[in-house]
Amino acid sequence: MVDFEKNAQKAPQNARFDDKEAGFGVLLYIILQFALIYIARFIIFNIGVGYSSAFGVMLNVIIEGLFVLSVLIISRAKKKHFITNLGVKNKINGKIILFCALTCMICLFGLSQVSNVFMDILERLGYKSRASGVSVTTFWELLLNTLTIAIVPAFCEEILFRGLVLNGLAHYGREKAVLISALLFMLMHGSPDQTVHQFILGVVFGYIVYFTGNLWITIIIHFFNNFFVLVINWFYNMSGAASSASTEEVAVSTAGSIFSYLLALALVGVSVYLVIIMITRLAKESNKINLKPSYVSGKEMAFIDRFAGAKEGGLTITNRYGAPDKRSNN
C-alpha cells in the first residue's frame, strides 16, 4: 500500500491508484477469468484434451495469476509504478512474522466461529455444503498444495484486493475502503461456505494494510491461513480420523445449539479484542523499520499507542513532506 497523502503532495497525480482504476482492475480480472475458463473448456471438449488433476491445478494457478496480471495491465496503461504503488517495498522482520502467525491463529480458531455458526444455521435450513475441499494425504501433496493453495493465492489475491482496490478506494475513508475491498474479496471466492470467514479476513487485512502501509504483512497472514488449514487437513487424514468421522452422526439438541452459539459468541468477542491488539502491534513494529503512512491521524496513533503499549513519545510517521515527524501521544 502506498502512502497516499505523501504521494499526493510530492508526486504527480498519476503516481497513485484511484477508484476508477480499482474498478477497472476488478472488471478486467473478471473478463480475463471468463476468457480463460472458456479457453479451458474449449481445450477439454473440442480439442480432446482430457481433464486431469494436473490440468486443474495448472488452471487454478493461472487464474490466480490473473489477479496480478490485471493490476499490472492497469499500472502500465495508466503509467503507474507497479512495485511502489503496491507497497511491497516495505520491509518485515522476525517479530512481524511471529505477529502474523498469531493473528492468523486468532482468526482461524477464534473469528471463524462466526462462519461455523452461519454454516450451522444454513444447514438447518436445508443447505448442503458444496465446498470441494482439498484432501491432503501425503507429504508431497502437502508441498504441492502449499505452492498452489497457500503461496500463490496469498501473493496474487493481496496484490489485487489490498494493493489495488483498498489503495484506490482509500480517499473515500478507511471504513468504506476496508469494507468494499473485503466484500469483493468475499464475492471472489463464490461459495456460501467461505462467505463469512473470507469477509472477516478481508476486514482484518484491510485494517492492517491501512495502519501499516505494508502489503507483505497481509500476504504472510494470508499464506499462514491457507497453509495451517492444509497442515491440519494432512494430520487429520494421517491420523485416520477422516474415515471414522464420516460414519458418525451426532444429534444436537436445541438447548445444546444455543449454548454452543453463546460459547462461540464469547470466543469471537475475545478474538476481536486480540485481533485489535495484534493489528496495533503490527503497526508499531512495522513503523520501526518503515515510515508510517501519513494519512493515519493523531487520534488513530493514540489508539495504536494505547493497545500496542507504545512508549512515551509516540509513533514515527511521515509528515506532509515525507520526512520523519515525531509526535506525542497527547
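Below: a short report on this structure. Values in this document were obtained by computation on a predicted structure and should not be read as measured data.

1. What to know about the nonpolar core
Right, so step 1: Core analysis: the largest hydrophobic core is formed by 66 residues, its most contacted members being Val71, Leu86, Cys100, Ile221 and Leu282.
Right, so step 2: Non-local contacts of cysteine 100, meaning those with residues more than four positions away in its chain, are made with Ile217, Ile220, Ile221, Phe224 and Leu282.
Right, so step 3: In this structure, Val136, Leu142, Ala150 and Val231 belong to the second largest nonpolar core, which totals 6 residues.

2. Re the layout of surface pockets
Right, so step 1: Of the voids in this model, the second largest pocket is the one considered here, and its volume is about 360 Å³.
Right, so step 2: Lining the second largest pocket are 15 residues, and of these Val203, Tyr207, Val275, Ile276 and Ile279 lie nearest its centre.
Right, so step 3: Broken down by secondary-structure element, the contributors of at least two residues to the lining of the second largest pocket are helix 8 (192–212), helix 11 (254–289) and helix 12 (298–308).
Right, so step 4: A breakdown of the residues in the lining of the second largest pocket according to their chemical character gives 13 nonpolar, 1 polar and 1 charged.

3. With respect to the packing of aromatic side chains
Right, so step 1: Using the criterion set out here, one finds 13 aromatic pairs in the structure.
Right, so step 2: Arranged with centres 6.5 Å apart and planes meeting at 20°, the rings of tyrosine 207 and phenylalanine 211 form a pair that is stacked. Of this pair, tyrosine 207 and phenylalanine 211 are both found in helix 8, 4 residues apart, which corresponds to roughly one turn of the helix.
Right, so step 3: We classify tyrosine 207 as partly exposed; its relative accessible area is 23%.

4. What about the packing of helix 5 (residues 94–124) against helix 8?
Right, so step 1: Running from amino to carboxyl end, helix 5 crosses helix 8 at an angle of 145°, the nearest separation of the two axes being 9 Å. Read as a crossing pair, helix 5 and helix 8 show a hand that is right-handed. In this structure, helix 5 uses Thr103, Cys107, Leu108, Leu111, Ser112, Val114, Ser115, Phe118, Met119 and Leu122 to contact helix 8, whose residues at the interface are Pro192, Asp193, Val196, His197, Ile200, Leu201 and Val204.
Right, so step 2: Broken down by class, the residue content of the contact of helix 5 with helix 8 amounts to 12 nonpolar, 4 polar and 1 charged.

5. Details of the environment of cysteine 104
Right, so step 1: Among the secondary structure elements, cysteine 104 is positioned in helix 5.
Right, so step 2: Residue cysteine 104 is classed as buried on the basis of its relative accessible area, which comes to 1%.
Right, so step 3: With 121 residues separating them in the primary sequence, cysteine 104 and asparagine 225 have C-alpha atoms 5.7 Å apart.
Right, so step 4: If we skip the residues at most four places from it in the chain, cysteine 104 touches Ile221, Phe224, Asn225 and Phe228.

6. Digging into the pattern of salt bridges
Right, so step 1: One pass over the full model with this rule turns up 5 salt bridges.
Right, so step 2: When the shortest N-O distance is used, the salt bridge between glutamate 285 and lysine 95 registers 4.0 Å. Placement of the pair is glutamate 285 in helix 11 and lysine 95 in helix 5, with a sequence separation of 190 residues.
Right, so step 3: Put simply, glutamate 285 and lysine 288 hold a salt bridge, and the shortest N to O gap is 3.5 Å. Placement of both glutamate 285 and lysine 288 in helix 11 is noted, with a separation of 3 residues, approximately one turn of the helix.

7. Here we look at the environment of asparagine 233
Right, so step 1: In this fold, asparagine 233 is placed in helix 9 (residues 215–238).
Right, so step 2: As for asparagine 233 and valine 134, which are separated by 99 residues in sequence, their C-alpha atoms are 8.1 Å apart.
Right, so step 3: Those residues in contact with asparagine 233 that lie beyond four places of it in its chain are Val134, Ser135 and Val136.
Right, so step 4: A distance of 2.7 Å separates a polar atom in the side chain of asparagine 233 from the backbone nitrogen of valine 136.

8. Section: a nonpolar patch on the surface
Right, so step 1: Together, Tyr38, Ile39, Phe42 and Ile47 line one region of the surface with nonpolar side chains, adding up to about 450 Å² of accessible area.
Right, so step 2: Along the polypeptide, phenylalanine 42 turns up in helix 2 (residues 19–47).

What counts and what doesn't
Residues numbered from 1 in each chain as written. Predicted model: local features only at pLDDT ≥ 70, side-chain atom pairs only at ≥ 80, totals over all residues. Heavy atoms only, no water. Core = buried A, V, L, I, M, F, W, Y, C linked by side-chain atoms within 4.5 Å. Buried < 20%, exposed > 50% of the residue type's maximum accessible area, 1.4 Å probe, protein only. Contact = heavy atoms within 4.5 Å. 1 Å grid on protein atoms, 1.4 Å probe; cavity = no way out; pocket = protein on both sides within 12 Å on 5 of 7 lines; lining within 4 Å. Points joined across faces, edges and corners; volume = space filled by probe spheres on them. Helix = DSSP H or I, 4+ residues; strand = E, 2+ residues; numbered from the N terminus. Nonpolar A, V, L, I, M, F, W, Y, C, P; charged D, E, K, R; others polar. Phe/Tyr/Trp six-rings, centres within 6.5 Å; stacked < 30°, edge-to-face > 60°. Axes fitted to C-alpha atoms, helices over the stretch in contact; angles between N-to-C directions. Left-handed = near helix turned anticlockwise from the far one by under 90°. Salt bridge = Lys/Arg side-chain N within 4 Å of Asp/Glu carboxyl O. Polar contact = N/O pair within 3.5 Å; in protein donor to acceptor, adjacent residues only side chain to side chain. Patch = residues over 30% accessible without salt bridge, like charges linked within 9 Å, V, L, I, M, F, W, Y side chains within 5 Å. Areas by Shrake-Rupley, 256 points an atom, 1.4 Å probe, with all protein chains shown as cover.

Fair warning: the whole summary comes from geometry, so function is off the table for now.
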